[in-house]
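A closer look at the structure
Letter by letter, the chains look like this.
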Amino acid sequence: MSNDRPWQSPIKERAEDLLREFVARADELLDTQERINGLLGAVVALAEDLSLEAVLDRVVQSACVLVGARYGALGVIGEDRKLSHFITVGIDEEGIRSIGDLPTGHGVLGLLIREPTPLRLHDLGQHPIASGFPSNHPP
């Protein structure tokens, strides 16, 4: 009976292909919508409290959410070319105390202060001027 209508098979296959493509594009659209909603949420959150510390904290929190990071940090360079603020997310107060002193701008961080260009590293510790991490620093 399937041979009575040989044209049905190609049409059915094409319809199934189109349906699969439609579903894939709908998934992409939903992912994009989620990202846009996250970005809009970040913009709204930034406007809630405009104190510098609160805004910086929300910037780091929003960045972590948008990229799926557990930890985040943001350093602000002052007029003296040293860190004037250092904001962290994902570490509680006890964890911060156990790490010790905040970064001062040596090693790779110092390089970024002196030469503010993007730097993507697979392993920070392998950079020639890396100064390492404190013993209780998160992985």
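To start, this report covers the structure provided alongside it. (Residues numbered from 1 in each chain as written. Predicted model: local features only at pLDDT ≥ 70, side-chain atom pairs only at ≥ 80, totals over all residues. Heavy atoms only, no water.)

If you look at the biggest cluster of nonpolar residues, it comprises five residues: L56, V60, C64, I87 and V89. Aside from chain neighbours lying at most four places away, what touches I87 is E53, L56, D57, V60, G72, A73 and L74. (Core = buried A, V, L, I, M, F, W, Y, C linked by side-chain atoms within 4.5 Å. Buried < 20%, exposed > 50% of the residue type's maximum accessible area, 1.4 Å probe, protein only. Contact = heavy atoms within 4.5 Å.)

Moving on to a negative patch on the surface. A contiguous patch of negative charge, built from D27, E28, D31 and E34, is present on the exposed surface. Of note, D31 is situated in helix α1 (residues 8-46). (Patch = residues over 30% accessible without salt bridge, like charges linked within 9 Å, V, L, I, M, F, W, Y side chains within 5 Å. Areas by Shrake-Rupley, 256 points an atom, 1.4 Å probe, with all protein chains shown as cover. Salt bridge = Lys/Arg side-chain N within 4 Å of Asp/Glu carboxyl O. Lys, Arg positive; Asp, Glu negative; His and termini not counted. Charge placed at Lys NZ, Arg CZ, Asp CG, Glu CD. Helix = DSSP H or I, 4+ residues; strand = E, 2+ residues; numbered from the N terminus.)

So, on to helix α2 (residues 52-67). An ideal rise of 1.5 Å per residue puts 22 Å on 16 residues; α2 measures up with 23 Å between its terminal C-alpha atoms. Looking at α2, one finds that the buried residues are A54, L56, R58, V60, S62 and C64. Trailing α2 by a residue or two, G68 shows a phi angle of about 75 degrees, which is positive. (Expected span 1.5 Å × (residues − 1).)

Let us now look at the pattern of salt bridges. All told, the structure shown has two salt bridges when counted by the stated rule. Residues R20 and D17 are paired through a salt bridge, measuring 2.8 Å at the closest nitrogen-oxygen approach. With a gap of three residues between them, R20 and D17 both fall in helix α1, about one helical turn apart. Take R20: its relative accessible area is 51%, and that puts it in the exposed class. Given a relative accessible area of 39%, D17 falls into the partly exposed group. Notably, a salt bridge pairs R25 with E21, separated by 3.2 Å at the nearest N-O pair. Remark: E21 and R25 occur in helix α1; sequence separation between them is four residues, near one turn of the helix. Judged by its relative accessible area of 55%, R25 falls in the exposed class. Its relative accessible area of 37% is what places E21 among the partly exposed residues.

A few words on the pairing of strand β2 (residues 83-89). Pairing of strand β1 (residues 72-77) with β2 involves six bridges; the strand directions are antiparallel. Note on β2: the bridge partner recorded for A73 is T88. The hairpin turn running from β1 into β2, its antiparallel successor, is five residues long, and R81 in that turn takes a positive phi close to 65 degrees. (Pairing = 2+ DSSP bridges.)

Attention shifts here to unusual backbone geometry. Even without glycine at this site, R81 takes up a positive phi of about 65 degrees. Along the chain, R81 falls in the loop between β1 and β2.

Bringing helix α4 (residues 107-114) into the picture now. Given 3.6 residues per turn, any residue in an α-helix points the same way as the ones three and four places further on. Looking only at α4, the buried set comprises G107, V108, G110, L111 and I113. If you follow the buried residues of α4, they end up packed against β1 and β2.

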